[in-house]
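# Residue-level structure breakdown
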Amino acid sequence: MFALRFAAFVAPFIALPAFAASADEWRSRAIYQLVTDRFATSNGSSPPCDTSQRVYCGGTWQGVISKLDYIQNMGFDAVWISPVVANVEGNTGEGEAFHGYWTRDINSLNEHFGSTDDLNALASALHTRGMFLMLDVVVNHMAATSNPPDYSSFSPFNTQADFHLECFIDDYNNQTDVEQCWLGDTTVPLADLNTENDDIVNTMYTWIKGLVGNYSADGVRIDTVKHIRKDFWPQFAQNAGVFTIGEVLDGNTSYVGPYTQVLDSVLDYPTFYPLTSAFVSPTGNLSSLVELVQQAQSTYKDGEFMTGSFLENHDNPRFQSMTQDQALVKNAMTWPFIQDGVPILYYGQEQGYTGGADPANREALWLSGYVEDKPLVNHVKTLNAVRKSAIASNGSFLTTPLKFLATTSSTLAVSKPPLLALLSNGGNASSPSWSVPNAGYAANEPLVDVVSCASVTADSNGGVSASSQGGVPMVLMPASALNKSGSVCSNLATGSGSGSGSGNAASAVGASGGIILAAALAAAASYMLL
Ligand code: ABC
Ligand code: CA
């Protein structure tokens with residue numbers, strides 16, 4: 001009986017190509033988002049890169065391959081790269097298409113980033129390490145360099161009839177305008193594809209299937225999702241055949257929520273805004289963050305579980321362009337790793353980059369020297385490692401919604417057993433303290449704050465009282481949930497064996513191929529418990 005049900009459940013996973021990863025297989029992952037042109041050069045050189053010029057600086061897929069140790073050492077097991085298809089060439093008057101979002105031909109690659117072989121080599125280099133590749137795809141529009149566009153310059157949609165009539169979106173409250181008018185401006189019009197036309201729609205469905213297959217992608221980040229009617233998306237996702245995460249750029253859960261019904265997940269923009277304002281200064285409003293997260297938990301299809309949580313991305317000013325108080329920065333950076341969804345870190349945040357609005361937030365990472373022994377790099381390592389430990393030590397960590405246990409005007413206590421995160425926005429001159437009467441631990445349980453590697457002991461009711469110096473966050477774990485031979489505060493850890501988390505994020509990913517089976521087995525195991 002066991003064997004039969006087991007086999008029936010596992011079989012569909014095994015039938016998939018090695019890395020066609022589903023939403024469930026992304027749940028436990030952590031994503032590093034990079035701008036391909038700005039992350040690393042093929043030969044390791046460090047050309048100058050003035051972001052204000054908005055031109056190609058020289059990053060490539062080979063460059064990414066050469067820096068996978070850097071990414072993996074921080075504990076990431078998935079990489080989101082810039083759109084890969086051929087873009088408009090030359091200086092448009094708004095710079096070059098170094099970001100990859102100005103599609104000219106959906107069936108050719110962007111040669112600035114490398115060749116077909118290079119992109120395939122990146123996919124296999126990632127897979128060899130047990131890491132996932134996420135492609136960024138644009139379906140809504142093609143970019144032109146004149147107005148009206150020269151439609152014959154696009155491929156394969158090369159006539160005006162393939163596009164909605166030109167009108168730039170000026171009323172974001174009119175959803176028909178949002179879907180059928182154009183993004184961009186008269187210098188670089190983003191000609192809006194006529195996705196009401198079945199031929200166009202079917203071409204896009206066939207295209208995404210081919211793209212994912214050709215480059216062995218494990219997931220796709222989908223651009224401009226709110227600019228195409230919702231019922232376009234389910235079949236698009238089905239043809240992609242892998243995890244889909246959509247960009248619906250809006251701050252309201254009521255607007256974003258319905259899109260969680262048509263794709264696996266969304267980038268959690270609604271949380272991003274109150275998250276930023278909560279931690280950007282000591283006057284930030286923590287209750288707005290709490291309220292928003294609770295709304296999202298009840299509005300999104302799977303609560304917050306499958307969202308992508310981020311503090312920075314390529315479209316918004318970096319957090320450190322608004323404050324450089326390192327205590328605030330560390331608190332804000334902690335959030336994506338201790339909440340319900342998949343954490344996403346935008347490259348350069350770990351190096352303390354401070355770029356403001358686009359294009360300043362797209363700095364070349366080679367100018368940092370990729371130094372790994374730095375406070376924020378270490379913070380990221382700790383956060384990834386502690387999350388993997390929590391996942392390993394509690395089989396339902398990933399499916400248990402976080403709870404806010406105690407909120408004051410300057411402190412938050414976020415519980416996601418076995419983890420308790422104690423955050424504050426007092427800044428580096430503050431000494432925050434937290435009192436959490438029912439934290440859910442055992443009486444007098446030995447705990448470890450993994451940020452400072454200090455011991456904390458639960459009280460006789462399993463509650464926690466703690467305080468930190470210099471406003472830094474605390475992330476508590478039972479000492480027994482950390483591995484004595486792991487990388488997280490091993491001197492205080494008392495756990496060993498599989499249930500207690502290795503504390504080493506890198507070891508949580510296996511060799512190519514094995515990981516899918518492992519994920520299938522884990523899924524099967526939890527399924528058996530139902
Ligand atoms: C750049 C500059 C522009 C400049 C232009 C010439 O060059 O950013 O300021 O005018 C690509 C490039 C960009 C380039 C654009 C346009 O193309 O990366 O550098 O702009 O040529 C995605 C990608 C993004 C990409 C594109 C285009 C789309 O992530 O990198 O940009 O393929 C809209 C879209 C969203 C899009 C974003 C850039 O524009 O919906 O998909 N991102 C409101 C609207 C949003 C709108 C947003 C920004 O403004 O509702 O739909 O996003 O314009 C919240 C509200 C939101 C509000 C925000 C700002 O505040 O709830 O509704 O968003 O509180
Ligand atoms: Ca559209």
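Residues numbered from 1 in each chain as written. Chains lettered and ligands numbered in written order. Predicted model: local features only at pLDDT ≥ 70, side-chain atom pairs only at ≥ 80, totals over all residues. Heavy atoms only, no water.

With that settled, consider the site of ligand 1. Within the structure, ligand 1 sits among 22 residues, and K226, H227, E247, D315 and D358 are positioned closest to it. Between ligand 1 and the protein, one listed contact pairs an oxygen atom with a side-chain N or O atom of R221 at 3.0 Å. Contact distances for ligand 1 include 3.1 Å between an oxygen atom and a side-chain N or O atom of R362. Comparing atom positions with the cavity grids shows ligand 1 to sit within the second largest pocket. Taken together, the residues of the shell around ligand 1 break down into six nonpolar, six polar and 10 charged. (Near = heavy atom within 4 Å. Polar contact = N/O pair within 3.5 Å; in protein donor to acceptor, adjacent residues only side chain to side chain. 1 Å grid on protein atoms, 1.4 Å probe; cavity = no way out; pocket = protein on both sides within 12 Å on 5 of 7 lines; lining within 4 Å. Sits in = over half its atoms within 2 Å of the grid points. Nonpolar A, V, L, I, M, F, W, Y, C, P; charged D, E, K, R; others polar.)

Structurally, the position occupied by T244 is in strand β10 (residues 243–246). Taking the C-alpha atoms as reference points, T244 and S265, 21 residues apart in sequence, are found 6.3 Å from one another. Ignoring sequence-local partners within four residues, the contact set of T244 consists of V220, I222, A237, L263, D264 and S265. (Helix = DSSP H or I, 4+ residues; strand = E, 2+ residues; numbered from the N terminus. Contact = heavy atoms within 4.5 Å.)

Attention now goes to the side chain of N331. Inspection of the secondary structure puts N331 in helix α13 (residues 326–338). On the accessibility criterion, N331 (0% relative accessible area) is buried. There is a polar contact of 2.9 Å between the side chain of N331 and the backbone oxygen of G471. In this structure N331 touches F279, L422, L423, S424, G471, V472 and P473, once residues within four positions along its chain are discounted. (Buried < 20%, exposed > 50% of the residue type's maximum accessible area, 1.4 Å probe, protein only.)

This part covers the coordination of the calcium ion (ligand 2). N140 (OD1), E179 (O), D192 (OD), D192 (OD) and H227 (O) make up the full set of protein donors to the calcium ion (ligand 2), lying at 2.3 to 2.6 Å. Positions of the donor residues of the calcium ion (ligand 2), expressed as sequence spacing, correspond to N-x38-E-x12-D-x34-H. In this pair, N140 sits in the loop between β5 (132–137) and β6 (141–143) while D192 sits in strand β8 (residues 189–192), placing the two residues 52 residues apart along the sequence. (Donors = N, O, S within 2.8 Å, 3.2 Å for Na, K, Ca; no water.)

Further remarks concern the packing of aromatic side chains. Under the definition given, this model contains 25 aromatic pairs. Each ring, one from F76 and one from F337, has its centre 6.5 Å from the other, and the planes form 55°; the classification is tilted. Here F76 is found in the loop between α5 (68–73) and β2 (78–80), whereas its partner F337 is found in helix α13, with 261 residues between them in sequence. Here the two residues F76 and F337 agree in accessibility, since each one is buried. Here a set of aromatic residues connected by ring pairs shows up, and it is made of Y32, F39, Y70, F76, F337 and Y370. Just above the ring of Y347 sits the side chain of R318; from NZ or CZ to the centre is 5.3 Å. Across the ring face of F397, the terminal group of K416 is positioned such that the distance to the ring centre comes to 5.1 Å. (Phe/Tyr/Trp six-rings, centres within 6.5 Å; stacked < 30°, edge-to-face > 60°. Lys NZ or Arg CZ within 6 Å of the ring centre and 35° of its normal.)

What follows covers the UniProt feature "binding site: Ca(2+) 2" (unreviewed entry) in the chain. UniProt marks D223 and E247 with the feature "binding site: Ca(2+) 2" (unreviewed entry), using the numbering shown here. Of the residues just listed, which span 25 residues, no C-alpha pair is farther apart than 5.4 Å, and they cluster in one region. Lining the second largest pocket, out of the annotated residues just given, are D223 and E247. Structurally, D223 is set in the loop between β9 (219–222) and α9 (233–240). We classify D223 as buried; its relative accessible area is 8%. If sequence neighbours within four positions are ignored, D223 has contacts with Y101, D136, V137, V138, H141 and E247. Separated by 2.8 Å, the side chains of D223 and R221 make a polar contact. For E247, a relative accessible area of 6% corresponds to the buried category. Setting aside chain neighbours within four positions, we find E247 in contact with R221, I222, D223, T224, V225, K226, L267, Y269 and D315. (UniProt positions renumbered as here; feature names shortened; annotations may be inferred.)

Examined bridge by bridge, strand β19 (residues 446–449) and strand β20 (residues 454–457) share four bridges and lie antiparallel to one another. Bridged to P446 within β20 is T457. (Pairing = 2+ DSSP bridges.)

Once that is clear, we can look at the pairing of strand β22 (residues 474–478). Taking burial as the measure, the five residues of β22 include five buried ones, the bulk of the element. Side chains M474, L476 and P478 of β22 all project onto a buried face; the interleaved residues V475 and M477 project onto the opposite face, where all are buried too. Where strand β17 (residues 419–424) meets β22, three bridges bridge the pair, whose relative direction is antiparallel. Paired with A421 across the bridge in β22 is V475. Bridge analysis of β19 against β22 gives three bridges, and the strand direction is antiparallel. By the bridge assignment, V448 is partnered in β22 with M477.

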